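Single-letter residue listing:
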Protein chains: 2
Amino acid sequence: MAGEPGGPAQVVLTATIARRYYLDGRSKVEIADEFGLSRFKVARILDTARQSGLVRIEIRHEGEIDVDLSARLRDRFGLQHAIVLDTPDDDAASLRDHLGRAAAQLLAEVITPQDVLGLAWARAVSAMARALPPLPGTPVVQLTGAMSLPGGPDTSVDVVREVASASGGAAHVFYAPFTVPDAATARALRQQPEVARAFAHLPAVTKAVAGVGLWAPGLSVLHDALPEDDRAALVRLGVCADVSGVFLSADGEPVTTQLSERMIGISAEEMRAIPEVITIPYGVAKALAVRASLLSGLVGGIVTHAALASAVLEE
Amino acid sequence: MAGEPGGPAQVVLTATIARRYYLDGRSKVEIADEFGLSRFKVARILDTARQSGLVRIEIRHEGEIDVDLSARLRDRFGLQHAIVLDTPDDDAASLRDHLGRAAAQLLAEVITPQDVLGLAWARAVSAMARALPPLPGTPVVQLTGAMSLPGGPDTSVDVVREVASASGGAAHVFYAPFTVPDAATARALRQQPEVARAFAHLPAVTKAVAGVGLWAPGLSVLHDALPEDDRAALVRLGVCADVSGVFLSADGEPVTTQLSERMIGISAEEMRAIPEVITIPYGVAKALAVRASLLSGLVGGIVTHAALASAVLEE
DNA sequence: CCTCTGCGCGCTCAGATGAGCAGGAGGGGT
DNA sequence: ACCCCTCCTGCTCATCTGAGCGCGCAGAGG
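As recorded in an unreviewed UniProt entry, chain A goes by Transcriptional regulator and comes from Geodermatophilus obscurus. According to UniProt, the comment filed for chain A under the heading Sequence similarities (unreviewed entry) is "Belongs to the SorC transcriptional regulatory family."

Encoded structure:
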């Protein structure tokens, strides 16, 4: 690699020319005139300078974003946006806050006044809402019913309201549980004016933020909220991940379940119609679910941490 | 410096584009097509990437050559070649060997079969001779008479012979002391056939290697070899440096001395006629003398170490 | 001695690039 | 509501740049 140039004078000349070109921004023609060389000679010297490692170009970000992992994730799964934070991930709460802040910045960056924002409930979405700067009057639509999480004060409705107040836009909310015991109740709830009105805005949603869960104990709030027979039924159907209530197999295919008829929330088809769905997953254990969500094509943006991103990228 | 880009998505996009451009070598047009941007936008993104420090280009040599100091020395004094070694300089002997090797490489690099090489005596020149690779038949001319240095086995003649045997060219040598007690003796010596024959080749010399001494005790072999009244006389004339017997004031002007009439060696005019004279000074104490030698315009090449180079460059 | 071969050099020409400019969107002041 | 100011964007055109080509020189071999 190194040691290419013939002798010390060559080394010094090469380094000087490299400096003029790369650091002083002179053109090769100027440099050729200055040193009495042809511009081709200068070009060849610069080539050897790069090949020999005398000129080193590195791309490195000072902040907490791992640009390399981000770009790889983005390329690998054809995403619109991928943000990987290089954050210590031992403490789930602080990790969630970090990701929430980054997601808030991302959302603020990509959203336009023409957008309609959809929000599904997830703890990371709640963290994002807290960090959100003022948005340009974007309407906010609630995508899922409420889930009772012990110790969590924010409900779906609260988060949507919070974001809408940050944006100054309308908040389309409804009060209903995420899951109910039977399909008839679900149908009835969906026909309630409040719920129907909110869901009518669903086709207009252009950007959404959702959570991702691995279908296993402790890794999906929805999973843990369901009775054992429902959990097992979905396992038998090959469910690997849920994206705010949309169930996916390990290779990212949507799985049709009877449970869906008993849920008040967005369907796979409706989610697919949303141009960009952003997820904020964390925890290496969820790698399989995250990969499923990315393979599904439902998800267009992801905000996560380095360990999980690496795990997802591994074969 | 950092933190220029608007948001995380912008950071990732910028980093990805920078990677494509600087590391993958894609053109801006290709990148623009790939990301659906105009090539101008790509160019601007790349500009911000460099300004923000996300792309860092550094020029650094692995070996012992300090390319930065070398180039500064070269530019500052309009030299043809400057080689500054980043070598520990606590041990004079090993430092001399290092410089000698580097000078040998430099000489081998810049010399052509058409060149005629002149050699003045100096310890560093002797070290160079030892490290010299085969040269393309260059004739070698002795420039100065011999000096008796206690403990030094090599005389001017030996060094010239050694180099000539490495080059396979003719060795134009003579046996005569550098200084004699009176002008008449010097004139007589110069007219000796052997001496005259060697000096006849002087105008043909195209490259030479010489030593530099500071006119003070212990920093110039010539100074130390002269009686006290001669030393003092030169000090009174403002002599600061000697370049293989050519005396210079602190600002690099040649100083005419009566001593010159009593010396068998090259004159200032003859030295100025040589296209490139290379010196191999070492020791920070000689900084003033080295600066004088570089200001004089007599010297076109220098091989030295970082500490001395820095000292010379300081105002 | 001549010829062959490989290498370094600079040329041509098409494509890439940069500087400067004009048009348009957004934001704030009156 | 209106205007001005600024920033952002993409255009034109002149210049710069890279890929490929042919020349000439040095060294090997006949």
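Here the narrative resumes, following the displayed structure.
Remarks on the overall build of chain A
Helix and strand content of chain A: 14 helices and 11 strands. Taking 20 Å as the expected radius of gyration for a compact globule of 315 residues, we find that chain A reaches 26 Å, considerably beyond that expectation. Here the C-alpha coordinates of chain A stretch approximately 85 × 40 × 35 Å along the principal axes. Scored against the burial criterion, the 315 residues of chain A give a buried share of 53%. Sequence-distant contacts in chain A: of pairs separated by 6 or more residues, those separated by 24 or more amount to 65%. Surface exposure of chain A reaches about 13,400 Å², of which carbon and sulfur atoms provide 51%. Here chain A contributes 28 positive and 37 negative side-chain charges, whose respective centroids are spaced 5 Å apart.

What to know about the environment of phenylalanine 178 of chain B
Here phenylalanine 178 of chain B shows up in the loop between β5 (171–172) and α8 (183–191). Setting aside anything within four residues of it in sequence, one finds phenylalanine 178 of chain B in contact with Thr144, Gly145, Ala146, Met147, Leu222, Ser244, Gly245, Arg262, Met263, Ile264 and Gly265 of chain B.

Re the sheet that holds strand β9 (residues 246–248) of chain B
Residue and element names in this part refer to chain B. Across the sheet, which stays open at both edges, the 3 strands sit in the order β7-β8-β9 with antiparallel pairing between neighbours. Sheet topology places β7 (212–214) and β9 at the edges, where each strand pairs with a single neighbour. Across the sheet, the mean angle separating the axes of adjacent strands is 25° when strand polarity is ignored. When strand β8 (residues 241–243) meets β9, the two strands line up antiparallel, connected through 3 bridges. For valine 243, the partnering residue across the bridge sits in β9 and is valine 246. Sitting on the sheet, helix α13 (residues 287–295) is in contact with β7, β8 and β9, with an inclination near 130° to β7.

Concerning the nonpolar core
Grouped together as the largest cluster of nonpolar side chains are 128 residues, with contacts concentrated most on Leu119 of chain A together with Leu119 of chain B. Once you skip the residues sitting within four places of it in the chain, leucine 119 of chain B turns out to touch Val125, Met128, Val140, Val141, Gln142, Leu143, Thr144, Val159, Val160, Val163 and Val209 of chain B.

With respect to the interface of chain B and chain A
Taken together, the contacts link 41 residues of chain B with 42 residues of chain A. Summed over both sides, the interface between chain B and chain A buries roughly 3,400 Å², with carbon and sulfur atoms accounting for 63% of that surface. Counting the surface chain B buries against chain A, the share from its top three residues, Pro8, Arg56 and Ile59 of chain B, is 19%. Linking chain B to chain A there are 6 salt bridges. Here arginine 56 of chain A makes a salt bridge to glutamate 58 of chain B, at a shortest N to O gap of 3.0 Å. Among the elements of the structure, α1 (8–23), β1 (55–59), α4 (67–77), β2 (81–85) and α5 (92–110) of chain B are those that each provide at least two residues to the side of chain B that touches chain A. Here the residues of the side of chain B that touches chain A are counted per class, giving 22 nonpolar, 8 polar and 11 charged.

Describing the protein's contact with DNA strand C
Surveying the vicinity of DNA strand C reveals the residues Ser38, Arg39, Phe40, Lys41 and Arg44 of chain A together with Tyr21, Ser27, Lys28, Val29, Arg39 and Phe40 of chain B. Counting only the atoms of DNA strand C within 4 Å of the protein, the fraction contributed by sugar and phosphate is 41%. Within the side chain of lysine 41 of chain A, a nitrogen or oxygen atom sits 3.0 Å from a phosphate oxygen of DNA strand C. Only α3 (39–51) of chain A together with α2 (28–35) and α3 (39–51) of chain B provide two or more residues apiece to the surface near DNA strand C. Among the elements that line the surface near DNA strand C, the one with the most residues is α3 of chain A, at 4 residues. Class assignment for the residues of the surface near DNA strand C results in 4 nonpolar, 2 polar and 5 charged.

Some thoughts on helix α7 (residues 156–167) of chain B
All names here are of chain B. In this model α7 runs 17 Å from its N-terminal to its C-terminal C-alpha over 12 residues, within 8% of the 16 Å that 1.5 Å per residue would give. Within α7, burial applies to Ser156, Val157, Val159, Val160, Val163, Ala164 and Ser167. End-on view of α7: buried residues confined to an arc of 165°, all on one side of the axis. Lining the buried residues of α7 we find β3 (117–119), α6 (123–131), β4 (140–142) and β5.

Structural notes on the domain arrangement of chain A
Taken domain by domain, chain A comprises domain 1 (8–51) and domain 2 (67–313). Computed over C-alpha atoms only, the centres of domain 1 of chain A and domain 2 of chain A are separated by 54 Å.

What about the protein's contact with DNA strand D?
The environment of DNA strand D is formed by Tyr21, Ser27, Lys28, Val29, Arg39 and Phe40 of chain A together with Ser38, Arg39, Phe40, Lys41 and Arg44 of chain B. Looking at DNA strand D alone, sugar and phosphate atoms form 38% of those within 4 Å of the protein. In this structure, lysine 28 of chain A approaches DNA strand D through a side-chain N or O atom, which is 2.2 Å from a phosphate oxygen. Separating a base oxygen of DNA strand D from a side-chain N or O atom of arginine 39 of chain A is a distance of 2.6 Å. Of all the secondary-structure elements, those providing two or more residues to the surface near DNA strand D are α2 (28–35) and α3 of chain A together with α3 of chain B.

So, the side chain of threonine 138 of chain A
Residues and elements named next belong to chain A. Within the element layout of this structure, threonine 138 appears in the loop between α6 (123–131) and β4 (140–142). A residue is classified by how much of its surface remains accessible, and threonine 138, at 1% relative accessible area, is buried. Ignoring sequence-local partners within four residues, the contact set of threonine 138 consists of Ile111, Thr112, Asp115, Val116, Leu117, Ser167, Gly169 and Ala170.

Some words on the sheet that holds strand β9 (residues 246–248) of chain A
All names here are of chain A. Overall, antiparallel pairing links the 3 strands, which are arranged β7-β8-β9 in an open sheet. The open sheet has two edge strands, β7 (212–214) and β9, and neither has a second partner. Within this sheet the neighbouring strands show an average axis-to-axis angle of 25°, counted without direction.

Quick word on the packing of helix α1 (residues 8–23) of chain A against α5 of chain B
Running from N to C, α1 of chain A and α5 of chain B point in directions that differ by 80°, and their axes come no closer than 7 Å. For the element pair α1 of chain A / α5 of chain B, the angle class is roughly perpendicular. The residues of α5 of chain B that touch α1 of chain A, namely those facing Pro8, Ala9 and Gln10 of chain A, are Ala102, Gln105, Leu106, Glu109 and Val110 of chain B. By residue class, the composition of the contact of α1 of chain A with α5 of chain B is 5 nonpolar, 2 polar and 1 charged.

The rules behind these values
Residues numbered from 1 in each chain as written. Chains lettered and ligands numbered in written order. Predicted model: local features only at pLDDT ≥ 70, side-chain atom pairs only at ≥ 80, totals over all residues. Heavy atoms only, no water. UniProt positions renumbered as here; feature names shortened; annotations may be inferred. Helix = DSSP H or I, 4+ residues; strand = E, 2+ residues; numbered from the N terminus. Rg over C-alpha atoms; globule rule 2.2 N^0.38 Å. Buried < 20%, exposed > 50% of the residue type's maximum accessible area, 1.4 Å probe, protein only. Contact = heavy atoms within 4.5 Å. Areas by Shrake-Rupley, 256 points an atom, 1.4 Å probe, with all protein chains shown as cover. Lys, Arg positive; Asp, Glu negative; His and termini not counted. Charge placed at Lys NZ, Arg CZ, Asp CG, Glu CD. Pairing = 2+ DSSP bridges. Axes fitted to C-alpha atoms, helices over the stretch in contact; angles between N-to-C directions. Core = buried A, V, L, I, M, F, W, Y, C linked by side-chain atoms within 4.5 Å. Buried area = accessible area lost by both parts, 1.4 Å probe. Salt bridge = Lys/Arg side-chain N within 4 Å of Asp/Glu carboxyl O. Nonpolar A, V, L, I, M, F, W, Y, C, P; charged D, E, K, R; others polar. Near = heavy atom within 4 Å. Polar contact = N/O pair within 3.5 Å; in protein donor to acceptor, adjacent residues only side chain to side chain. Expected span 1.5 Å × (residues − 1). Arc of directions from axis to C-beta. Domains from an automatic or database assignment. Parallel < 35°, antiparallel > 145°, perpendicular 65-115°, else oblique.

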